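Commentary on secondary and tertiary structure
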Amino acid sequence: MAHGMPSQGKVTISVDEYSSNPTQAFTHYNINQSRFQPPHVHMVDPIPYDTPKPGGHTRFVCVSDTHSRTDGIQMPYGDVLLHMGDFTELGLPSEVKKFNDWLGSLPYEFKVVIAGNHELTFDKDFMAELVKQDYYRFPSVSKLKLEDFDNVQSLLTNCVYLQDSDVTIKGFRIYGTPWTPWFNGWGFNLPRGQSLLDKWNLIPEGIDILMTHGPPLGFRDWVPKELQRVGCVELLNTVQRRVRPKLHAFGGIHEGYGIMTDGYTTFINASTCTVSFQPTNPPIVFDLPNPTSS
Ligand code: 5GP
Ligand code: MN
Ligand code: MN
C-alpha cells in the first residue's frame, strides 16, 4: 500500500499472534519494526484554545471519561464535541439525565457521544446477566426496574449517540463503538481476539473519524501502576491497515491522556478524569480540513 494513500480494495485483518498479550506485542513490534517509535510515530502537542481556526477547517473538542464530574470543566471554543464514553459512574438514568443537561448547556453545533464500560445500563446483554447474579456488586444498578433503563439511550436528547454506527456531520463521516477488552466484567467488555475483531470489522472503510472507548495498542495505552500496555492489538491493526481514519479519538485509560500520530492518523486519548477520577485533564481541541465533496 502506498504511503498516505487510502487502501484500495478490501484488506482483511486477522487475529494477531500477540493479541492476548499487548505488552509483549508492543515489545515485539517495536524491536522488529520500530512500530511505536520515531520516525513511525511522534508525540503531538495540543493546540492552544486561542489558536485561530484555519479557514476551511472544522474544530473538534474531545473529552472522555468525565464520570459524572462535569461541573468544573472549562470548555473551549469549537464546532463539534466528541465524547468517548464513561460519562457516568454506573449508567444510572439520573446520571445520564445530568450529563444530557450539561450537553444542553454547551454551545457546540454538534455533539457526538459513545458509551464506555461504565455505562452499564446501555449494555442490554450485561443487564440481562446482572439481574441473574451478583446483586451486591452494583446494588444501585441491580435495583433498577427494566422500565427505568430500557430506554436509557432516549435520555440523550442533546447529542448524537453512536453504538456500532456512524453519522455524517459537516461532511465528516464519524463512527463510534463502545467495546473494550475484558477487564473486571464491566459493560461492553469482550475477550481480546476474534470477539473484539468482529466488532472492529463492522467499521466501514471511508471513515474520517473513529471514536472508541479504549485505545489501540501502543498509543496512549500505558498503565503505569501495572507496567502494562493494555491497548487492543486488533484495533490498532484495523485502524492502521484497513480503516485509516484521520482521527482516532478515545479515552478509557485515564493515565494515557495525550496525543500521538503515526504520520497519517492522529490518536487522541481525551480522558478528562485522572486515574484518581479528578476531572482535571483539559479538553483537547483538534482541527481537521473539511472534506471536499467529490
Ligand atoms: P474505568 O474504570 O474508568 O474504565 O478505568 C479507570 C482506570 O482503570 C484506567 O485509567 C486504568 O488505570 C484502569 N483500567 C481500565 N481498563 C483497564 C484494562 O483493560 N487493563 C488494566 N490493566 N487497567 C485498566
Ligand atoms: Mn473511565
Ligand atoms: Mn472505561
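Scroll up a little and you will see the structure.
Structural notes, computed from the coordinates. (Residues numbered from 1 in each chain as written. Chains lettered and ligands numbered in written order. Predicted model: local features only at pLDDT ≥ 70, side-chain atom pairs only at ≥ 80, totals over all residues. Heavy atoms only, no water.)

A word on the pairing of strand S2 (residues 57-63). Here S2 lies mainly inside the structure; 6 of its 7 residues are buried. Pairing between S2 and strand S16 (residues 284-289): 6 bridges, direction antiparallel. Paired with Cys 62 across the two strands is Ile 284, which belongs to S16. Pairing between S2 and strand S3 (residues 80-83): 4 bridges, direction parallel. Following the sheet pairing, Val 61 is matched in S3 by Leu 81. (Buried < 20%, exposed > 50% of the residue type's maximum accessible area, 1.4 Å probe, protein only. Helix = DSSP H or I, 4+ residues; strand = E, 2+ residues; numbered from the N terminus. Pairing = 2+ DSSP bridges.)

This part takes up the site of ligand 1. The local shell around ligand 1 holds 14 residues, among which Asn 117, His 118, Glu 226, His 254 and Glu 255 are the closest. In this structure, His 254 approaches ligand 1 through a main-chain N or O atom, which is 2.9 Å from an oxygen atom. In the complex, 88% of the free accessible area of ligand 1, which totals 500 Å², lies under the protein chains. Its residues assigned to classes, the shell around ligand 1 comprises 5 nonpolar, 5 polar and 4 charged. (Near = heavy atom within 4 Å. Polar contact = N/O pair within 3.5 Å; in protein donor to acceptor, adjacent residues only side chain to side chain. Areas by Shrake-Rupley, 256 points an atom, 1.4 Å probe, with all protein chains shown as cover. Nonpolar A, V, L, I, M, F, W, Y, C, P; charged D, E, K, R; others polar.)

This paragraph deals with the coordination of the manganese ion (ligand 3). Coordination of the manganese ion (ligand 3) by the protein comes from Asp 86 (OD), Asn 117 (OD1) and His 213 (NE2), over a distance range of 2.0 to 2.3 Å. Each donor residue of the manganese ion (ligand 3) belongs to the same chain, and together they define the spacing D-x30-N-x95-H. Taken as a pair, the manganese ion (ligand 3) and the manganese ion (ligand 2) show a spacing of 3.4 Å, with Asp 86 coordinating each metal. Of this pair, Asp 86 sits in the loop between S3 and helix H2 (93-104) while His 213 sits in the loop between strand S10 (209-212) and strand S11 (222-223), placing them 127 residues apart in sequence. According to the relative accessible area criterion, Asp 86 is buried, its value standing at 2%. (Donors = N, O, S within 2.8 Å, 3.2 Å for Na, K, Ca; no water.)

Here we take up the coordination of the manganese ion (ligand 2). Of the protein atoms, only Asp 65 (OD), His 67 (NE2), Asp 86 (OD) and His 254 (NE2) coordinate the manganese ion (ligand 2), at distances of 2.1 to 2.3 Å. Motif for the manganese ion (ligand 2), donor spacing along one chain: D-x1-H-x18-D-x167-H.

Counting 44 residues, the largest nonpolar core has Leu 103, Phe 122, Leu 156 and Phe 219 as the members making the most contacts within it. Of all the secondary-structure elements, those providing two or more residues to this core are helix H1 (22-33), S2, H2, helix H6 (194-200) and helix H7 (233-243). Per-element accounting of this core gives the leading share, 5 residues, to H7. Among the nonpolar cores identified, the runner-up in size contains 22 residues, and Leu 82, Leu 162, Val 167 and Ile 174 belong to it. (Core = buried A, V, L, I, M, F, W, Y, C linked by side-chain atoms within 4.5 Å.)

Right, let's talk about the sheet that holds S10 for a bit. If you walk across this open sheet you meet the 7 strands as S1-S14-S15-S13-S10-S7-S6, and the pairing is mixed. Each end of this open sheet is capped by a strand with a single partner; those strands are strand S1 (42-44) and strand S6 (165-169). Between one strand axis and the next, the sheet turns through 20° on average, direction left out of account. Pairing of S10 with strand S13 (residues 247-250) involves 3 bridges; the strand directions are parallel. Considered in S13, the bridge of Ile 209 is made with Leu 247. Its contacts with the sheet put H7 on S10, S13 and strand S15 (266-269), and the angle it makes with S10 is roughly 175°. (Axes fitted to C-alpha atoms, helices over the stretch in contact; angles between N-to-C directions. Contact = heavy atoms within 4.5 Å.)

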